[in-house]
Amino acid sequence: MWYTYLCSLNKTTIMEVYIMKKFECTACGYIYDEELGDPDNGVAPGTKWEDVPEDWVCPLCGVGKEDFEEVS
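Thresholds, definitions, all that
- Residues numbered from 1 in each chain as written.
- Predicted model: local features only at pLDDT ≥ 70, side-chain atom pairs only at ≥ 80, totals over all residues.
- Heavy atoms only, no water.
- Salt bridge = Lys/Arg side-chain N within 4 Å of Asp/Glu carboxyl O.
- Helix = DSSP H or I, 4+ residues; strand = E, 2+ residues; numbered from the N terminus.
- Pairing = 2+ DSSP bridges.
- Axes fitted to C-alpha atoms, helices over the stretch in contact; angles between N-to-C directions.
- Buried < 20%, exposed > 50% of the residue type's maximum accessible area, 1.4 Å probe, protein only.
- Lys, Arg positive; Asp, Glu negative; His and termini not counted.
- Polar contact = N/O pair within 3.5 Å; in protein donor to acceptor, adjacent residues only side chain to side chain.
- Contact = heavy atoms within 4.5 Å.

*Asks:* Hey, could you go over the pattern of salt bridges for me, with residue numbers and the actual values?
*Replies:* Across all of its chains, the model carries two salt bridges by this definition. For lysine 65, the salt bridge goes to glutamate 54, with nearest N and O atoms at 3.3 Å. Of this pair, lysine 65 sits in the loop between strand 4 (31-33) and strand 5 (68-71) while glutamate 54 sits in the loop between strand 4 and strand 5; the two residues are 11 residues apart in sequence, bridging distant segments of the chain.

*Asks:* Describe the sheet that holds strand 3 (residues 22-25), and please don't skip the residues or the numbers.
*Replies:* Spatially, 4-3-5 is the arrangement adopted by the three strands of the open sheet, whose pairing is antiparallel. The strands lining the two open edges of the sheet, one partner per strand, are strand 4 and strand 5. If you compare each strand with its neighbour and ignore which way they point, the axes differ by 30° on average. In this structure, strand 3 lies alongside strand 5, joined through four bridges in antiparallel fashion. When the sheet's bridge partners are listed, lysine 22 is paired in strand 5 with valine 71.

*Asks:* Before we move on, could you go through the side chain of glutamate 34 and cite the residues and values that matter?
*Replies:* Structurally, the position occupied by glutamate 34 is in the loop between strand 4 and strand 5. Nearest to the buried, unbridged glutamate 34 among oppositely charged side chains is lysine 21, at 5.7 Å. Here the side chain of glutamate 34 touches tryptophan 49 through a polar contact of 2.7 Å, landing on its backbone nitrogen. Ignoring sequence-local partners within four residues, the contact set of glutamate 34 consists of Tyr18, Ile19, Met20, Lys21, Phe23, Pro45, Gly46, Thr47, Lys48 and Trp49.

Below, the structure written as structure tokens:
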């Protein structure tokens, strides 16, 4: 999710801010938090869901990314 903010600092500056998301494994309930990543399995903190490798699997139950849903 992206938000655009307008700031007034002598001139108008546009700054985009990415709001980190969370995704839940539908099989076991594990939460992938973009802010935390999954460093034990090679995914650095701050890694967006779309940048997590396609072959990454849930560290608790082993299902793939296709079995995760965004948490609202």
